[in-house]
Amino acid sequence: EDLLQDGVNQAEVVEVGATQPVSPSSKPTPRYFNRERVPERVVHAKGAGAHGSFVVTQDVSHITKAKLFNGVGKKTPLFIRFSTVGGELGSADTVVDPHGFAIKFYTEEGNFDIVGNDIEIFPIRDPMLFPDMSRSRKRNPKTHLKSQDMWWDFVSNRPESSFHTLILMSDIGRAHGYRRMNGSSVHAYKMVNSQGEVVFAKIHWKTEQQAPPMTFQEAKDLLGPQPDYFTQDLYDSIEKKNFPVWTMYFQVMTVKQANAYPRNPFDITRNWRVEDYPLIEVGKFTLDRNPVNYFAEVEQVGYNVANLVPGIEPSPDRMLHGRMFGYADAIMYRQGVNWPTNSDK
């Protein structure tokens with residue numbers, strides 16, 4: 001009699017009283033199941049992502065020779081992952097928290113990763129404080145309960161965190177969903193054009209999906225019935241072909257201006273005033289395709305600050321240099337050689 005062995009159903013004939021053999025056909029499925037998870041991210045664990053493309057709308061070849069930014073109409077595929085910062089994988093989207101806004105450009109010169117946030121400044125300028133800052137947003141190590149005291153203890157003892165904290169507690173810290181957030185590279189990059197001329201530039205992007213900020217009461221009301229509100233809003237919008245769009249800008253500072261700047265221009269706890277360093281439009285990007293496999297495409301995507309392309313180099317920002325090591329190490333720890341969404345196109 002034929003045995004059903006289609007990977008789902010199977011039948012065996014075993015002599016009563018005999019030692020039952022282990023069917024080899026049953027081994028792969030448990031093995032796959034045991035390995036279909038990777039450790040969640042230490043920070044930015046909860047998130048969502050989507051595919052899209054970036055299109056150049058203004059020539060900036062005088063700023064950088066990076067090919068993805070050269071030639072009006074130039075189109076580059078990308079993948080974006082949005083996230084909260086402190087919460088674990090199953091936490092709520094609507095808590096007051098900084099939000100990650102990471103972009104992976106699949107360029108002809110290799111991948112370029114911008115590991116940005118929705119707030120253009122950072123709470124710290126010293127990379128050695130990064131673990132302490134991150135732990136302050138986690139659960140209490142003794143009680144394993146969420147504790148706002150840890151975060152406030154940290155920022156109240158670090159004066160450089162004041163500006164970021166004020167912005168976080170403003171309307172900017174309560175966006176009405178991922179697709180309605182603005183974003184920034186936070187760091188300045190060293191930009192080099194084809195003549196070898198150097199400037200420094202921060203990268204910003206502004207949403208075209210305008211909406212008032214979420215109120216504290218709205219956020220609280222969604223915590224129970226819809227903790228995945230941001231994730232669902234992004235997914236449903238793309239499924240309905242209401243594709244979210246952002247406009248990208250450079251904010252440029254010359255080497256001469258950097259040398260004359262009254263403080264460290266690469267201190268990411270402070271911003272560059274747009275009145276002094278106006279935004280220069282570069283292009284627009286659109287998200288138009290949802291992932292078909294969240295685990296492979298979103299959970300395993302890895303953003304590395306060290307993924308740069310010719311024409312874009314590190315600035316003297318020491319937090320940037322610290323992250324260039326830390327993010328590559330985190331990716332290798334979490335997922336080893338698994339690189340489905342991270343491969344060059």
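Going by an unreviewed UniProt entry, the protein carries the name Catalase and comes from Orchesella cincta.

Draft legend 1. Summary view of unusual backbone geometry. Phi is positive for His44, which is not a glycine, with a value near 65°. Mapped onto the fold, His44 is located in the loop between helix H1 (28-34) and strand E1 (47-56). Using a relative accessible area of 18% as the deciding quantity, one classes His44 as buried. Despite not being glycine, Val186 shows a phi value in the positive range, around 70°.

Draft legend 2. Focus on the side chain of Asp97. Take Asp97: it is sitting in the loop between strand E2 (75-84) and strand E3 (99-107). Classification of Asp97 as buried rests on a relative accessible area of 3%. Here Arg137 takes part through its side chain, which lies 2.5 Å from a polar atom of the side chain of Asp97. Among residues more than four places away in sequence, those in contact with Asp97 are Thr84, Val85, Gly86, Gly87, Arg137, Leu168 and Gly173.

Draft legend 3. Quick peek at the pattern of salt bridges. Within the structure shown, the criterion is met by 18 salt bridges. A salt bridge links Glu88 to Arg139; its shortest N-O distance comes to 2.6 Å. Taken as a pair, Glu88 in the loop between E2 and E3 and Arg139 in the loop between helix H2 (130-135) and helix H3 (148-156) lie far apart in primary sequence, 51 residues in all. For Glu88, a relative accessible area of 25% puts it in the partly exposed group. One salt bridge in this structure joins Glu313 and Lys190, with 3.4 Å as the shortest N-O distance. Of this pair, Glu313 sits in strand E9 (residues 312-314) while Lys190 sits in strand E5 (residues 183-192), and the two are 123 residues apart along the sequence. Residue classification places Glu313 among the partly exposed residues on the basis of a relative accessible area of 32%. By relative accessible area, which is 26% here, Lys190 ends up partly exposed. If you follow the salt bridges from partner to partner, you end up with Arg41, Glu299 and Arg334 in one network.

Analysis parameters
- Residues numbered from 1 in each chain as written.
- Predicted model: local features only at pLDDT ≥ 70, side-chain atom pairs only at ≥ 80, totals over all residues.
- Heavy atoms only, no water.
- Helix = DSSP H or I, 4+ residues; strand = E, 2+ residues; numbered from the N terminus.
- Buried < 20%, exposed > 50% of the residue type's maximum accessible area, 1.4 Å probe, protein only.
- Polar contact = N/O pair within 3.5 Å; in protein donor to acceptor, adjacent residues only side chain to side chain.
- Contact = heavy atoms within 4.5 Å.
- Salt bridge = Lys/Arg side-chain N within 4 Å of Asp/Glu carboxyl O.

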